[in-house]
Amino acid sequence: MSLKKVVITGLGIVSPFGLGIETLMRNLYSGSSAVCSQKEVWNKNIKDLNCWIGAPLKEELPIMEIPRKLRRTMGRSSLMSYIAVKEALASAQMPEDCFTSGRTGVSFSSTTGSVSSISDFFNEYVSHASLKNVSSGSFFQIMSHSCAANIAHAFNIKGRVMSPDSACSSSAQAMGLAFESVKYGMQDIMICGGADELDAVVCGTFDLLNATSSRFNDSPASSPRPFDRDRDGTVCGEGAGCIIMESEKSALSRNAPILAEVVGFHTSSDGTHIAQPHSESIASCIKGALNSSGILTSQIGYINAHATGTPLGDKAEAAAIAEVLGGKTPVSSLKGHLGHTLGASGAIELAATIRMINDRKLIPTKNLSIPDVNCANIMHVKTDDYHKNVEYYIKNSFAFGGINAVLILRRHENSNESR
């Protein structure tokens, strides 16, 4: 079997900062924080949260631009996915005849279906012991593969459709499966990524696991604090990220813009604890991705860390990076700016990383003032004007359930330097 070279030709984003990749990058480069108080909103539903801060989308979704026949089966996650996909397809200059060829597929995921739709469904059921007032479209909003199915339906996709719903590594696994689908010739083009929405219930579940930040409710922009001595947990956010992957042959055949090349992917299980991260397992996953790429550790020029700001998670990831790559590879996390967009985080952060690498400007970790002693064994990007010519780079994503996923990319020699 002839293996295909896999490239990225399109990016689409809905982030807490707003709609579009340009909005995301403008705010990241300016050092902005999307985190704000959610107490007034969440207090209507839950009275006893530890964490009252989050990173919600800062503008209204343009849902009226989506045909009504499509909106009926879309919860908030799917609506954000649709908008991100539209941008990605436009930036990839994708002709519509690609959609129905059977050679274009979808690999898109989320932590669950739409949380707000699930809440509405069960509020109706519990309050009235009846489902008579629940719309028939509700099921399609709450099913676990809602984002993938709605994308395939909206764009009339005839190829394979996959939805690896694996909590916070969902979009990273979705992108990895898309990479393998193209690499091994099963599809020519893959629409991949993930989405998740912010809700009081989402923050509440992280509260139950003692994983949320609770000391910064009065100063929201000060948290989360990845790798920092004073970090106390993560801050939940929302959004959607879409990446268009395709064979280099497909991209060149239609003169599509090539933004990056995907060269490696590995996903694995800790197999030790369902909630606590394991540095040896993370290290093993990074090594697996390096092995699949065929490149040396010395060739990696930057690592975009998962780093959510939890005491255990950041410590384990830093130890794993130090074990595999030593302490001289620049590392940063974007969650201090964005919060943790959960199942969307891998795709949103990878899109931002691709732009960073092409712009030759690495963004430092926001709120990292004093590295924790257990996280000081890696090289943190410290300044806003850190310029570096990076060829190969890593995106880490990890999730409850002991799921690890690592992607390795290469800056494409023909990529646009700033777009």
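Keep in mind the model is a prediction, meaning the values are calculated, not measured. (Residues numbered from 1 in each chain as written. Predicted model: local features only at pLDDT ≥ 70, side-chain atom pairs only at ≥ 80, totals over all residues. Heavy atoms only, no water.)

1. Focus on the nonpolar core
Item 1. Residues Leu24, Leu28, Met245, Ile354 and Leu409 are the most contacted members of the largest nonpolar core, which totals 65 residues.
Item 2. Once you skip the residues sitting within four places of it in the chain, Leu28 turns out to touch Phe17, Leu334, His337, Leu338, Ala352 and Ile363.
Item 3. Counting residues in hydrophobic clusters, the runner-up holds 32 residues, among them Ile66, Val106, Ile157 and Cys242. (Core = buried A, V, L, I, M, F, W, Y, C linked by side-chain atoms within 4.5 Å. Buried < 20%, exposed > 50% of the residue type's maximum accessible area, 1.4 Å probe, protein only. Contact = heavy atoms within 4.5 Å.)

2. What to know about the packing of helix α1 (residues 21-29) against helix α14 (residues 345-359)
Item 1. The N-to-C vectors of α1 and α14 enclose an angle of 70°; their axes lie 11 Å apart at closest approach. What the angle tells us is that α1 and α14 run roughly perpendicular. Every pair of crossing elements has a handedness; the one defined by α1 and α14 is right-handed. For the pair α1 and α14, the contacting residues are Ile21, Glu22, Leu24, Met25, Leu28 and Tyr29 in the first and Ile348, Ala351, Ala352, Arg355, Met356 and Asp359 in the second.
Item 2. Class assignment of the residues belonging to the contact of α1 with α14 gives a composition of nine nonpolar, no polar and three charged. (Axes fitted to C-alpha atoms, helices over the stretch in contact; angles between N-to-C directions. Helix = DSSP H or I, 4+ residues; strand = E, 2+ residues; numbered from the N terminus. Parallel < 35°, antiparallel > 145°, perpendicular 65-115°, else oblique. Left-handed = near helix turned anticlockwise from the far one by under 90°. Nonpolar A, V, L, I, M, F, W, Y, C, P; charged D, E, K, R; others polar.)

3. Notes on a nonpolar patch on the surface
Item 1. A contiguous nonpolar surface patch, about 410 Å² in accessible area, is contributed by Phe122, Tyr125, Val126 and Leu131.
Item 2. Within the element layout of this structure, Phe122 appears in helix α5 (residues 115-128).
Item 3. Note on Phe122: relative accessible area 43%, which makes it partly exposed. (Patch = residues over 30% accessible without salt bridge, like charges linked within 9 Å, V, L, I, M, F, W, Y side chains within 5 Å. Areas by Shrake-Rupley, 256 points an atom, 1.4 Å probe, with all protein chains shown as cover. Salt bridge = Lys/Arg side-chain N within 4 Å of Asp/Glu carboxyl O.)

4. A short note on the packing of aromatic side chains
Item 1. Within this structure, the stated rule accounts for five aromatic pairs.
Item 2. Judged by centre distance (5.2 Å) and plane angle (70°), the ring pair of Phe121 and Phe122 falls under edge-to-face.
Item 3. On the numbers, 5.9 Å between centres and 50° between planes, the contact of Phe206 with Phe400 is tilted. Here the residue Phe206 occupies a position in helix α9 (residues 200-208), and Phe400 occupies one in the loop between β13 (392-399) and β14 (403-410), the gap between them amounting to 194 residues.
Item 4. Judged by its relative accessible area of 11%, Phe206 falls in the buried class.
Item 5. Taken together, the ring pairs in this structure connect Tyr82, Phe99 and Phe155 into an aromatic cluster.
Item 6. Residue placement shows Lys39 over the ring face of Trp52; its charged tip is 5.5 Å from the ring centre. (Phe/Tyr/Trp six-rings, centres within 6.5 Å; stacked < 30°, edge-to-face > 60°. Lys NZ or Arg CZ within 6 Å of the ring centre and 35° of its normal.)

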